[in-house]
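Reading the structure
What follows is the residue order along each chain.
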Amino acid sequence: MGNGFFNVPVAINEPVKGYAPGSPEREAVLTTYKKMYKEQVDIPFYIGGKEYRTGNTVDIHPPHDNKHCVGKYHIAEKEHIELAIEKAAEARIKWASTSWEHRAAIFLKAADLLAGPFRYRMNAATMMAQSKNVFQAEIDSACELIDFLRFNVQFMTEIYSNQPISSPGFWNRMEYRPLEGFVYAITPFNFTAIAGNLPAAPAMMGNVVVWKPAATQVYSAYVIMELFKAAGLPDGVINLVTGNSGMITDTILANKDFAGVHFTGSTAVFNSFWETIGKNINHYKSYPRIVGETGGKDFIWAHPSSNAQEVATAISRGAFEYQGQKCSAASRAYIPKSLWGDIKKAILNDINSFKMGSPEDPSNFINAVIDKKAFTKLSGYLDQAKKDADADIIIGGGYDDSKGYFIEPTVIVTTNPKYTTMCTELFGPIITLYIYEDKDWEAVLELVDSTSEYALTGAIFSGDRYVIELATKKLENAAGNFYINDKPTGAVVGQQPFGGARASGTNDKAGSVWNLLRWVNNRTIKETFVPPTDYRYPFLG
Ligand SMILES: NC(=O)c1ccc[n+]([C@@H]2O[C@H](COP(=O)([O-])OP(=O)(O)OC[C@H]3O[C@@H](n4cnc5c(N)ncnc54)[C@H](O)[C@@H]3O)[C@@H](O)[C@H]2O)c1
Ligand SMILES: N[C@@H](CCC=O)C(=O)O
């Protein structure tokens, strides 16, 4: 550290821009989007700060216009992954001993660049290649990523300033060393902010990183890499590799210097990582940190005392924003019979007013699902629900991939609380409702708790404080992010630290001190000022 105990700028959440018709931000983002739509970007991967292009490429298609191509990215070979690990190790020599305030300054600069000159490019990339409407892109790829960067810098200093006490004659110090090796960051398609945070958080704490983004998020990953470079991140601290996930992961997890994985994605993939790490355990220099935020089957439970319109709005936003492709999206709901008429009317009203199409038209609330695989999976569940006697599709159910991967926002009502779409994570714009007899509300809480293997987010609605307290206790382990009278999505960094337990992950809460603590390996230092010179206890004379 330099000569001073420095305070960092106090983190505040980045204000969300409105993108109202005629506003300068709307004009700016749409102009950028249209320009990028016509370009053919040639995205390299980055090792040791150098751009690599193998010529073995994958075309990038907007999900809402799947025959249109906006560029390509290059597939890395095994030798590139080995090189990335080598370059990370080289970069570690200087980076791990760089003073924290200089590491912090880089990420604070990245936050300011994203709040300013990178904002519209990042949002447009996310709108175009991940099919997010402008509001969803703004809260994710601009605001949440900025918040991750600024708040994590603040949390970093809170960690560093946490020091042990010292008795007279000694000075005890706690040093928060980076891990001895490199961190593997592996990121999902659905949040640009998560893609940026997973490599940035360990890097901020002095670690070096090999980062593999999801194939369907490579476009905005490329903009993130450009952002970090513009902020002055030294070469080799974060190495971005693209290509075959199995090969990349196997190569990385087999390396003796692998020191930790920072994962967000599906439960099955995370479990496979854990198994491989277990099998390789004798091979590593240290015990790797395993941090993974995974799937969800998030719920809304409404008590007869709740407000029907509030519940309906939570369903309309919580289940359908970003086509239900949020790990936090409401995908099962439990509704009391007495409120069902009013709730149904309000949801049908909302969904009938949704417009679906390209994000280029900001009035489209619903855009496309991410790719053919998701489209096929979701349309399969819809076809099945049309046949099943215990499921009734009350709105939606249609799909069409002639232009883009469009799935209609769908509400299934089931008479079977364990119906497949009440239990399985679908990750699309489909919610299943179970209508219960009002008198059974307490028993239904047991159902909520036991129906799914996940425990990510959940929301309860009630106007009765005793009921709220009881439900909060009964559902103690059912959600890592628990909402009272609100939708279960839209956690804000610094306000609702995010992560779930059970099959939803290690619950290390992205964008918090608890997460950053996983990327340091503490050393306790005791310094004695006047060391003893005689071994005898005082009473031994
Ligand atoms: N809990 C959270 O905070 C959170 C946040 C966002 C997304 N998610 C979850 O992520 C999932 C959706 O994202 P996704 O579709 O990108 O997830 P995914 O599991 O398919 O992919 C995540 C990452 O793992 C890689 N991957 C996929 N298969 C692999 C394999 N066999 N070996 C090695 N790597 C592999 C992908 O390329 C990607 O980089 C959902 O389950 C969602 O709930 C969770
Ligand atoms: N943190 C986000 C979800 C991230 C997962 O996809 C939310 O709270 O809605």
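Predicted model, so just to flag it, every value in this text is computed and none were measured.

Here we come to the overall build of the chain. Each helix and strand in the chain was counted, giving 16 helices and 23 strands. Relative to the globule expectation of 24 Å for 541 residues, the C-alpha radius of gyration of the chain, 25 Å, shows essentially globular dimensions. Seen through its C-alpha atoms, the chain measures out along the principal axes to roughly 85 × 65 × 50 Å. Put simply, the chain has 541 residues, and 49% of those count as buried.

It is worth spelling out the UniProt feature "domain: Aldehyde dehydrogenase" (unreviewed entry) in the chain at this point. Taken from the UniProt record, the annotation "domain: Aldehyde dehydrogenase" (unreviewed entry) applies to residues 56-524. With 42% helix and 20% strand, residues 56-524 has its two end C-alpha atoms placed 49 Å apart.

Counted at 1.5 Å a residue, the expected span for helix α10 (residues 308-320) with its 13 residues is 18 Å, and the 18 Å between its end C-alpha atoms agrees. For α10, the full list of buried residues reads Ala 308, Val 311, Ala 312, Ala 314, Ile 315, Ser 316, Gly 318, Ala 319 and Phe 320. The secondary structure elements touched by the buried residues of α10 are β12 (298-302), β13 (330-336), α11 (337-353), β18 (430-436) and β20 (457-461). The first or second residue beyond α10 is Tyr 322, which carries a positive phi of 45°.

Next up on the list: the site of ligand 2. Taken together, Asn 190, Phe 191, Lys 326, Cys 327, Ser 328, Thr 489, Gly 490, Ala 491 and Phe 498 are the residues near ligand 2. In terms of residue class, the shell around ligand 2 is made up of four nonpolar, four polar and one charged.

This part takes up the sheet that holds strand β5 (residues 71-74). Reading across the sheet, the three strands line up as β1-β5-β4 and stay open at both edges, with mixed pairing between neighbours. The strands lining the two open edges of the sheet, one partner per strand, are β1 (41-43) and β4 (57-60). Each strand axis lies, on average, 20° off the axis of its neighbour in the sheet, ignoring direction. Alignment of β1 against β5, held across three bridges, turns out to be parallel. Bridge pairing in β5 places Val 41 opposite Gly 71. Strand contacts of helix α7 (residues 218-230): β1, β4 and β5, with the helix running at about 75° to β1, the strand carrying the most contacts.

Fine structural detail should not be taken from predicted coordinates in areas where pLDDT scores are low. A residue-level look at the chain finds 100% of positions with pLDDT of 70 or above and a mean pLDDT of 98. Confidence estimates for the predicted assembly give a pTM of 0.98 and an ipTM of 0.99.

What follows concerns the packing of helix α3 (residues 100-115) against helix α5 (residues 134-160). Between α3 and α5, whose axes approach to 8 Å, the crossing angle comes to 160°. Accordingly, the angle class assigned to the pair α3 and α5 is roughly antiparallel. Helix-helix and strand crossings are classified by hand; for α3 and α5 the assignment is left-handed. On the side of α3, the interface is formed by Trp 100, Ala 104, Phe 107, Leu 108, Ala 110, Ala 111, Leu 114 and Ala 115, while α5 contributes Ala 142, Leu 145, Ile 146, Leu 149, Arg 150, Val 153, Met 156 and Tyr 160. Per-class residue counts for the contact of α3 with α5 are 15 nonpolar, no polar and one charged.

Next up on the list: the site of ligand 1. Ligand 1 sits among 31 residues. The nearest are Pro 188, Gly 265, Ser 266, Glu 293 and Cys 327. It is helix α8 (residues 245-253) that provides the largest number of residues to the shell around ligand 1, a total of three residues. Of the residues belonging to the shell around ligand 1, the class tally is 13 nonpolar, 15 polar and three charged. Taken domain by domain, the shell around ligand 1 gets at least three of its residues from each of domain 1 (24-294 + 505-525) and domain 2 (298-484).

Grouped together as the largest cluster of nonpolar side chains are 95 residues, with contacts concentrated most on Phe 107, Leu 114, Leu 149, Phe 182, Val 209 and Val 210. Excluding its chain neighbours within four sequence positions, the residues that come into contact with Leu 149 are Phe 107, Leu 108, Ala 110, Ala 111 and Ala 200. In terms of nonpolar packing, the next biggest core, distinct from the first, is built from 64 residues, Ala 302, Ala 319, Phe 320 and Phe 461 among them.

Definitions and limits used
Residues numbered from 1 in each chain as written. Chains lettered and ligands numbered in written order. Predicted model: local features only at pLDDT ≥ 70, side-chain atom pairs only at ≥ 80, totals over all residues. Helix = DSSP H or I, 4+ residues; strand = E, 2+ residues; numbered from the N terminus. Rg over C-alpha atoms; globule rule 2.2 N^0.38 Å. Buried ≥ 20, exposed ≤ 12 C-beta atoms within 10 Å, placed from the backbone. UniProt positions renumbered as here; feature names shortened; annotations may be inferred. Expected span 1.5 Å × (residues − 1). Contact = placed C-beta atoms within 7 Å. Near = placed C-beta within 6 Å. Nonpolar A, V, L, I, M, F, W, Y, C, P; charged D, E, K, R; others polar. Pairing = 2+ DSSP bridges. Axes fitted to C-alpha atoms, helices over the stretch in contact; angles between N-to-C directions. pLDDT = per-residue confidence, 0-100. Parallel < 35°, antiparallel > 145°, perpendicular 65-115°, else oblique. Left-handed = near helix turned anticlockwise from the far one by under 90°. Domains from an automatic or database assignment. Core = buried A, V, L, I, M, F, W, Y, C linked by C-beta atoms within 7 Å.

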